[in-house]
Amino acid sequence: ALISMRQLLDHAAEHGYGVPAFNVNNLEQMRAIMEAADETDSPVIVQASAGARKYAGAPFLRHLILAAVEEFPHIPVVMHQDHGTSPGVCQRSIQLGFSSVMMDGSLGEDGKTPMDYDYNVDVTRRTVEMAHACGVSVEGELGCLGSLETGMAGEEDGIGAEGKLDHDQLLTDPEEAADFVKATGVDALAIAIGTSHGAYKFTKPPTGDTLSIQRIKEIHARIPETHLVMHGSSSVPQEWLAVINEFGGQIPETYGVPVEEIVEGIRHGVRKVNVDTDLRLASTGAVRRFLAENPAEFDPRKFLKASTAAMKAICKARYEAFGTAGNA
Ligand code: G3H
Ligand code: 13P
Ligand code: NA
Ligand code: ZN
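Residues numbered from 1 in each chain as written. Chains lettered and ligands numbered in written order. Predicted model: local features only at pLDDT ≥ 70, side-chain atom pairs only at ≥ 80, totals over all residues.

His231, Ser234, Asn274, Asp276 and Thr277 are the nearest of the 14 residues found near ligand 2. Sorting the residues of the shell around ligand 2 by element identifies β3 (77–84), β8 (270–275) and α11 (277–293) as the ones contributing at least two each. (Near = placed C-beta within 6 Å. Helix = DSSP H or I, 4+ residues; strand = E, 2+ residues; numbered from the N terminus.)

Below, the structure is given as structure tokens:
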């Protein structure tokens, strides 16, 4: 059944687990997410970005998610709009039937320009008013996502501030977070605690302190009723990078957020964990390997099946690690 983010994350908070929010653009991702959830008895958050709407078209995305609900009626599904850049964008998603929207007012409508606090409060409060009247949940964002190592937002073509960020922009201020939640009424808050979007988060192998767990604790202590969200939470599996590069790819050395650090964040109030890049890497690795090993094959279903299986394995691993499994 389709449920709101508030319903699902309240349950997650009560039982101390986190929920991965996977981005969805096509049938193969949708199947991977749902089959993994089915096999691990996990509730689901699927999210569609502006890029996904551009790729698949809003009606196809909507019906893909509704098809998932129809085929897996026993699994709770949140249909979330990722990184809305204006109240108008969020309104259109609500009209399409999304049960949750993100109003990312930390950046302007271009998705690149860092905006001031008052702007963020204004667009987010307006979105909450509209969404809550329709029973739809709202995620806001405060602070600028960026790697604590590189100071960069990370995403080349998607959402993210341009140029190098100052250290104080990279960590959400706990007092400001408390004011923001009071002023806007958001259900969930995306915080800057060291993550960044995309595959290029860290240049060196992680040593256990890629995230500021301390800052998560401070924010959670100030706003215990608000569900914390971590964007940019792909772990960038080294085994898939190796497969990609073994079969003709060229991806330079790079590292993501270790799953154990995310699990530590979940212990301190993180409830929604956004993962997109890991499914992209697994899918690409599986397709490259399949086509290299089966050069005479030309039925796309064959390599897409390999892609789905690879993504599904990542989804299952995250449902299990984050404690989502067993809670559908
Ligand atoms: O926030 C970024 C997500 O990874 C979605 O990326 O805009 O390329 O679909 P996208
Ligand atoms: P990754 O690029 O780390 O997968 O993050 C995805 C995300 O935050 C989508 O909003
Ligand atoms: Na989101
Ligand atoms: Zn994001």
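Picking up where we left off.
One full turn of an α-helix is made of 3.6 residues, so residues set three or four places apart face in the same direction. For helix α7 (residues 174–184), the full list of buried residues reads Ala177, Phe180, Val181 and Thr184. With its buried residues spanning 95° around the axis, α7 presents them on a single face. Looking at α7, the residues exposed on the side facing more than 90 degrees away from the buried face are Glu175 and Lys182. Residues of α7 that are buried sit in contact with α6 (117–133), β5 (137–142), β6 (188–191) and α8 (213–222). (Buried ≥ 20, exposed ≤ 12 C-beta atoms within 10 Å, placed from the backbone. Arc of directions from axis to C-beta. Contact = placed C-beta atoms within 7 Å.)

So, on to the nonpolar core. Counting 88 residues, the largest nonpolar core has Ile33, Val46, Val101, Leu189 and Ile191 as the members making the most contacts within it. Contacts of valine 101, omitting those with residues within four sequence positions, involve Gln81, Gly84, Cys90, Ser93, Ile94, Thr127, Ala131, Val136 and Val138. (Core = buried A, V, L, I, M, F, W, Y, C linked by C-beta atoms within 7 Å.)

Any residue range with low pLDDT should be treated as having predicted coordinates unsuitable for detailed reading. Taken over all residues, the pLDDT of the protein chain has a mean of 96, while the share at 70 or more is 99%. What the predictor reports for the complex is a pTM of 0.98 with an ipTM of 0.96. (pLDDT = per-residue confidence, 0-100.)

Two numbers describe how helix α2 (residues 27–40) lies on helix α4 (residues 58–71): the axes approach to 10 Å, and their chain directions differ by 30°. Between α2 and α4, the interaxial angle falls into the category roughly parallel. Handedness of the α2/α4 crossing: right-handed. The residues of α4 that touch α2, namely those facing Leu27, Met30 and Met34, are Leu64, Ala68 and Glu71. Within the contact of α2 with α4, the residues separate by chemical class into five nonpolar, no polar and one charged. (Axes fitted to C-alpha atoms, helices over the stretch in contact; angles between N-to-C directions. Parallel < 35°, antiparallel > 145°, perpendicular 65-115°, else oblique. Left-handed = near helix turned anticlockwise from the far one by under 90°. Nonpolar A, V, L, I, M, F, W, Y, C, P; charged D, E, K, R; others polar.)

This part is about the sheet that holds strand β2 (residues 44–48). Reading around the circumference, β1-β2-β3-β4-β5-β6-β7-β8 is the order of the eight strands in this closed barrel, with parallel pairing throughout. Sheet twist, expressed as the average angle between the axes of neighbouring strands with direction ignored, equals 25°. Taken together, the three bridges between strand β7 (residues 227–230) and β8 define a ladder with parallel strand orientation. In the sheet register, valine 229 faces β8, and the bridge partner there is lysine 272. Here α2 sits on the sheet and contacts β1 (19–23) and β2; the angle it forms with β2, its principal contact strand, is near 170°. (Pairing = 2+ DSSP bridges.)

The end-to-end C-alpha distance of α11, which contains 17 residues, comes to 24 Å, matching closely the 24 Å that a straight helix rising 1.5 Å per residue would cover. Of the residues making up α11, those classed as buried are Thr277, Asp278, Leu279, Leu281, Ala282, Ser283, Gly285, Ala286 and Arg288. Looking at the buried positions of α11, the neighbouring elements they touch are β1, α2, α9 (238–246), β8 and α12 (300–321). (Expected span 1.5 Å × (residues − 1).)

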